[in-house]
Amino acid sequence: MSQPINIFWFRRDLRLDDNLGFYKALQSQHPILPIFIFDSEILEQLPKDDARVTFIHNTLQDMRKTLKKENNSSLAIYHGKPLDIYKSLIKDHNIQSVYTNHDYEPYAKTRDKNIEAFLKKNGVTLKTFKDQVVFEKDDITKADGTPYVVYTPYMKKWKEKFKSYNLEIYDTSPLKNNLIKNNDLPNLSLADIGFKKSKQTIVDYIVTPNLIKDYEATRNFPAKDSTSKLGPHLRFGTVSIRKMVKKAIAEKNEIFWQELIWREFFMHILWHFPHTSKASFKPKYERIEWRNNDKEFKLWCEGKTGYPLVDAGMRQLNQTGFMHNRVRMLVGSFLCKHLLIDWRWGEAYFAEKLHDYDMSSNIGNWQWVAGCGVDAAPYFRIFNPTTQIDKFDKELNYIKKWVSDFQELTYPTPMVDHKMARERCLKVYKEALNG
């Protein structure tokens, strides 16, 4: 029998430092084979030049280079259905345990359950750890053990619990000698997995003391471009949430810290209420009679609504894979309330385009703008796409950057009248909710 080994399976945690599952694996008694699987079930739903796939591939190549340089080891990269990959790995290696970090999305939970059952049948243990959040699952609940469904009390309980919480940073560097010494492990190019290099790039995050200090004052103005760009890095785990929370606390910025807690709140909601991945949190909102006009949806997607701030956001998204958070609220509200198009259409479009797409946050925020989620605010909050310009882009700098034609004769007239759309929306919502 070949030498017993353990596997560490990288997923949403693409970093070698402060990675709890990786740290635990490296402490185990057998040499570690680190792997990553490009999941064909996920990839087949994506455009072939998806920037996120390019980003993951580049990150993995960087990790391989680091491992080779530091201790003549590497990272094995596979492509296929994860269960099939494990069937093959078990034939080729004497595996004792597989280590990985928790993933909370419905697909991931099912995948992991099936892999755990297969491994168990073959005498292999699956060991999973909490890494992409500070608090998970049932860590934060009401006194009676039920989940919170409103953010503010959840956030207060989170902060209260955090006071006595030991937020540890896991230093893996002294343990890396436990990796299998082999820098010739399987590798794959983008072409090998059926993809090509994206023209869009996922930019580095910016978490300087100044950005955190000024965060509250500048975060609502899209022209200032002063957001941290942390989203994709937290999504794919190229940065540690523990280090980011420590930074927020060190800079004494409650607002920046609370944005990180919002992320965990939405994960908490998706974990406890998995039906929200496809349906409204509040069932009565399923009765809304959406207009779902294909032509109008296409104009919204292309940033040709005739409302410059909406169009600027959509064009920024299409060109860069990013949209400023304040503008996300406006374009989402416009789709659901002005056009009466189902929030799921917008959610799916964002899922395809956003570099920082994370199911729990995307669904949580889309249900928030549609009024059908956990948010306590009434459904009749409807953003005015014109007055929003006065509030957040008075000098038109953001609009000028993304909608160069907005003062030209070729720029479309508004596709819908705001007053009419508002009244129509209120009527449709009232009928659904009182029916």
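Residue positions are given per chain, counted from 1 along the sequence in the order it is written. Restriction of local features to residues with pLDDT of at least 70 applies here, the model being predicted, together with a cutoff of 80 or more for giving and counting side-chain atom pairs; totals for whole chains, interfaces and linings are based on all residues. Water and hydrogen atoms were dropped before computing side-chain values, which therefore reflect all heavy atoms in the structure.

A. Local environment of the overall build of the chain. By the criteria applied, helices consist of DSSP H or I runs no shorter than four residues and strands consist of E runs no shorter than two, each listed in order from the N terminus. When you go through the chain residue by residue, the secondary structure sums to 19 helices and five strands. The globule rule puts the C-alpha radius of gyration for 435 residues at 22 Å, and the 23 Å found for the chain is close to it. For the chain, the proportion of contacts with a sequence separation of at least 24, taken over those separated by at least 6, is 81%. A total of about 20200 Å² of accessible surface is found on the chain, and carbon and sulfur atoms cover 52% of it. This radius of gyration counts C-alpha atoms alone. The globule rule is 2.2 Å times how many residues there are, raised to the power 0.38. Residue contacts follow a heavy-atom distance rule, with two residues in contact if any of their heavy atoms lie within 4.5 Å. Note on areas: these come from Shrake-Rupley sampling with a 1.4 Å probe, and a residue is covered only by the protein chains present in the view.

B. Spotlight on helix 16 (residues 359-370). Between its terminal C-alpha atoms helix 16 stretches 16 Å, which fits the 16 Å expected from twelve residues at 1.5 Å a residue. Of all the twelve residues making up helix 16, eleven are buried; the element is thus mostly covered by neighbouring parts of the structure. Residues of helix 16 that are buried make contact with helix 5 (106-121), helix 11 (254-272), helix 12 (294-302), helix 14 (325-338), helix 15 (343-353) and helix 19 (418-434). Count one or two residues on from helix 16 and you reach Gly371, which has phi positive near 85 degrees. To estimate the expected span of a helix, subtract one from its residue number and multiply by 1.5 Å. For the exposure calls, accessible area comes from a 1.4 Å probe over protein chains only, and a residue counts as buried if that area is under 20% of its type's maximum, exposed if over 50%, partly exposed in between.

C. Quick look at the side chain of Gln258. Take Gln258: it is sitting in helix 11. The class for Gln258 is buried, based on a relative accessible area of 18%. Apart from the residues lying within four places of it in its own chain, the contact partners of Gln258 are Tyr151, Met155 and Lys159.

D. Spatial organisation of helix 6 (residues 151-163). The end-to-end C-alpha separation of helix 6 is 19 Å, in line with the 18 Å expected for 13 residues at 1.5 Å each. Within the span of helix 6, buried status applies to Tyr151, Tyr154, Met155, Trp158, Lys159 and Phe162. Down the axis, helix 6 shows its buried residues gathered within 135 degrees of arc, on one side only. Exposed and facing more than 90 degrees away from the buried side of helix 6 are Lys156 and Lys163. Looking at the packing, one finds that the buried side of helix 6 touches helix 10 (241-250) and helix 11. Here, the arc refers to the directions that run from the helix axis to the C-beta atoms.

E. How the structure looks around the state of the cysteines. Note on terminology: disulfide denotes any pair of cysteine sulfur atoms within 2.5 Å. Per the counting criterion, the structure on display carries zero disulfides. Sulfur of Cys336: no disulfide; nearest cysteine sulfur belongs to Cys372 and is 7.4 Å away.

F. Inspection of the nonpolar core at higher detail. If you look at the biggest cluster of nonpolar residues, it comprises 53 residues, and the most contacted ones within it are Trp300, Met314, Met323, Val331, Phe350, Trp366 and Tyr429. Among the elements of the structure, helix 12, helix 13 (308-320), helix 14, helix 15, helix 16, helix 18 (397-402) and helix 19 are those that each provide at least two residues to this core. By residue number, the principal contributor to this core is helix 19, which donates seven residues. In this view, Met314 contacts Trp300, Cys301, Gly303, Met323, Val331, Tyr349 and Phe350; residues no more than four positions away in its chain are not counted. Nine residue types can take part in a nonpolar core, namely buried Ala, Val, Leu, Ile, Met, Phe, Trp, Tyr and Cys, and a core is a set of them joined through side-chain atoms within 4.5 Å. Among the nonpolar cores identified, the runner-up in size contains 32 residues, and Leu14, Phe38, Phe55 and Ile77 belong to it.

G. A look at the packing of helix 10 against helix 11. A fitted line through C-alpha atoms serves as each axis, taken over the contacting stretch for helices, and the angle formed by two N-to-C directions is quoted from 0 to 180°. Axis separation between helix 10 and helix 11 bottoms out at 8 Å; the angle between their running directions is 150 degrees. Of the possible angle classes, the one that applies to helix 10 and helix 11 is roughly antiparallel. Mapping the contact onto sequence places Ile241, Met244, Val245, Ala248 and Ile249 in helix 10 and Phe256, Trp257, Leu260, Arg263 and Glu264 in helix 11. All residues other than Ala, Val, Leu, Ile, Met, Phe, Trp, Tyr, Cys, Pro, Asp, Glu, Lys and Arg, Gly among them, are scored as polar; the first ten of these are nonpolar and the last four charged. Of the residues belonging to the contact of helix 10 with helix 11, the class tally is eight nonpolar, no polar and two charged. Roughly parallel here means an angle under 35 degrees, roughly antiparallel means over 145, roughly perpendicular means 65 to 115, and every remaining angle is called oblique.

H. The packing of helix 13 against helix 14, seen in detail. Across the interface, helix 13 lies against helix 14 with an axial gap of 9 Å and an inter-helix angle of 110 degrees. Regarding the angle of helix 13 to helix 14, the classification is roughly perpendicular. Relative to helix 14, the crossing made by helix 13 is left-handed. Counted together, Leu309, Val310, Gly313 and Met314 of helix 13 and Val327, Leu330, Val331 and Phe334 of helix 14 form the full contact between these two elements. Of the residues assigned to the contact of helix 13 with helix 14, the class counts are seven nonpolar, one polar and no charged. In this scheme, a crossing is called left-handed if the near helix is turned counterclockwise away from the far one by less than a right angle; it is called right-handed if the turn is clockwise.

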